[in-house]
Amino acid sequence: MKKTVQNFIGGEWTASATGETFESINPADTSEVVAAVSKSSRTDVDNAVNAARGAYRMWRLTPAPKRGEILYKAGEILTKRKRELGELLTREMGKVLAEALGDVQEAIDMAYYMAGEGRRLSGETIPSELPDKDCKSGRVPIGVCGLITPWNFPVAIPAWKLMPALVSGNTVVFKPSSHTPACAAMLVEILREAGLPAGVLNLINGSGEETGDYLASHYGIDGISFTGSTAVGLGIAKTCAERGKRVSCEMGGKNAIIIMEDADLSLALEGAVWGGFGTSGQRCTSSSRLVVHRAVHDKFLDMFAAAAGRLRLGSGLKPETDVGPVINKAQMEKVLKYIGTGKEEGAKLVTGGNACREGGCEKGYFIEPTIFSGVTPEMRIAQEEIFGPVVSVLRAEDLDDAIGIVNGTAYGLVSSIYTRDVNKSAVAERELDTGIVYINSSTIGAEIQLPFGGTKRSGFGHEEAGGRGGSLDMFTKWKVVYRDFSGRLQKAQIDR
Ligand code: NAP
């Protein structure tokens, strides 16, 4: 059933000022319109920013444990509506239902985790060098935050940003991907139902080029937290730097799994299939490169090709489906173009390579799980993020060679190594230049209680999610207070 998705501004669901709309389409069946969506103009963005500014003082002064209680309630509602939201998510962006439910679960985890932070937003008390004086530091909100999110985790990634932003006392203007507005609207509605006061969270729908760009450049916004492609992220970072705004960008990846000669190949195979073709290769953490030791390369390639050939394409709502569609026509064309590039560069197409238009895939954007072998590190298919079900297999001479290949791209989000040798795993852990390293596990599987982010062109600013160095660092500033109760002027560094 087609939904109507409006903006949410100042506590009210409202049509855009121009009354214009756009559609969100099911990528597995393009004849299904999932939602008709309000298309924001600059006036709508201004209204949302004003509503967030208006609510800021009230929200900042609401005790953090009370803010946390609202997030806890949102976690409970999300839990109750997990299946409903998961099915909507599959219809709107295509991932298989089990993964969609995982996406929602991540938001639930984040809600509960950040609810707890409401009672933990601690600072420090430090001794002064002077008598009768005390010094402390504590976290304070940064103000009104703009959140710009992608379609590939349309519930989890907004939750990664919303929950820490809200618990720390910021108010928010949220611009989700224009491919997943219905998921965003349901998440916002759940937070409203949980008791978030009017104006604290505002949702504006619209394209990145117009609505997103205007939001990032808006002087009423104090900080932007962005997740998406590297090209867009670097542009947003520049816009924010020019305006002196805080900014954090989580961006693309070209993640790799190393498979050493002593690896458990069956285990590595499961990890490679899951990492390469899960979410149709559309995760920032997808394993788009396999770097395989020459001693097991040919054997592993045969195993991998056979496993990829067994994967079933189709609607993510069907229980038998392994791999869903890619998000839209432009992405399908981009992925097919990269497959053409791989062939032109001289890589060997081992399996897949085509769009699929049969067996229930006639009306969607489906691409066969695709593997290239004979890929060399400088090829574009080994360097650039493809964001589709395409895996490049590279041969490595030894561990040093493998680590060099993995580190030899502009990205640094995630890497993994399969080995039974503890010494090799320790060297890999130390030398792999990525924000996250997995040992004997795929490149997918981050948990919310640790920070998430990449090096080089994969990340800029603060990490996301929980733990030390997680997203509270993005959404809070440190405020330092010195209190002198000596009753006289005491001069630091001078009165000694
Ligand atoms: P995208 O095209 O960069 O879009 C991300 C968000 O930015 C969307 O809301 C988009 O709006 C908006 N946007 C686009 N152009 C903009 C502009 N000029 N100014 C302001 N906002 C703009 O990325 P995507 O295709 O949605 O997502 C896939 C990318 O995200 C991949 O590169 C993937 O690796 C990356 N990603 C990274 C992480 C991570 O944590 N590192 C996680 C997930 C995904 P529209 O949707 O309306 O275009």
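For the structure, check the block above.
Report on the accompanying structure.

What counts and what doesn't
- Residues numbered from 1 in each chain as written.
- Predicted model: local features only at pLDDT ≥ 70, side-chain atom pairs only at ≥ 80, totals over all residues.
- Heavy atoms only, no water.
- Buried < 20%, exposed > 50% of the residue type's maximum accessible area, 1.4 Å probe, protein only.
- Helix = DSSP H or I, 4+ residues; strand = E, 2+ residues; numbered from the N terminus.
- Near = heavy atom within 4 Å.
- Polar contact = N/O pair within 3.5 Å; in protein donor to acceptor, adjacent residues only side chain to side chain.
- Domains from an automatic or database assignment.
- Lys, Arg positive; Asp, Glu negative; His and termini not counted.
- Salt bridge = Lys/Arg side-chain N within 4 Å of Asp/Glu carboxyl O.
- Contact = heavy atoms within 4.5 Å.
- Phe/Tyr/Trp six-rings, centres within 6.5 Å; stacked < 30°, edge-to-face > 60°.

Examining unusual backbone geometry
At step 1: Phi at Ser280 takes a positive value of approximately 50°, unusual for a residue other than glycine.
At step 2: For Ser280, a relative accessible area of 3% translates into the label buried.
At step 3: Even without a glycine there, the phi angle at Phe387 is positive, about 65°.
At step 4: Mapped onto the secondary structure, Phe387 falls in the loop between helix 12 (380-383) and strand 19 (390-396).

What about the site of the ligand?
At step 1: Close contacts around the ligand come from 29 residues, with Thr149, Ser178, Ser229, Met251 and Glu385 the closest.
At step 2: Between the ligand and Thr149, the relevant distance is 2.7 Å, taken from an oxygen atom to a main-chain nitrogen or oxygen of the residue.
At step 3: Taken together, the elements giving at least two residues each to the shell around the ligand come down to helix 7 (208-217), strand 11 (223-227) and helix 8 (230-242).
At step 4: A domain-level breakdown of the shell around the ligand finds at least three residues from each of domain 1 (3-251 + 458-481) and domain 2 (256-439).

Looking at the side chain of Glu385
At step 1: Within the fold, Glu385 resides in the loop between helix 12 and strand 19.
At step 2: Although Glu385 lies buried, it forms no salt bridge, and the closest oppositely charged side chain, Lys334, sits 5.8 Å away as judged by the N-O distance.
At step 3: In terms of polar contacts, Glu385 uses its side chain to reach the backbone amide nitrogen of Gly253, at 3.0 Å.
At step 4: Residue contacts for Glu385: discarding those within four places in its chain leaves Gly252, Gly253, Lys254, Cys284, Lys334, Tyr338 and Tyr411.

Observations regarding the packing of aromatic side chains
At step 1: Under the definition given, this model contains six aromatic pairs.
At step 2: Measuring from ring centre to ring centre gives 4.8 Å for Trp160 and Phe452, while their planes differ by 65°; the resulting arrangement is edge-to-face. One end of the pair, Trp160, is in helix 5 (residues 156-167); the other, Phe452, is in strand 23 (residues 451-452), and 292 residues separate them in sequence.
At step 3: For Trp160, a relative accessible area of 5% gives the class buried.

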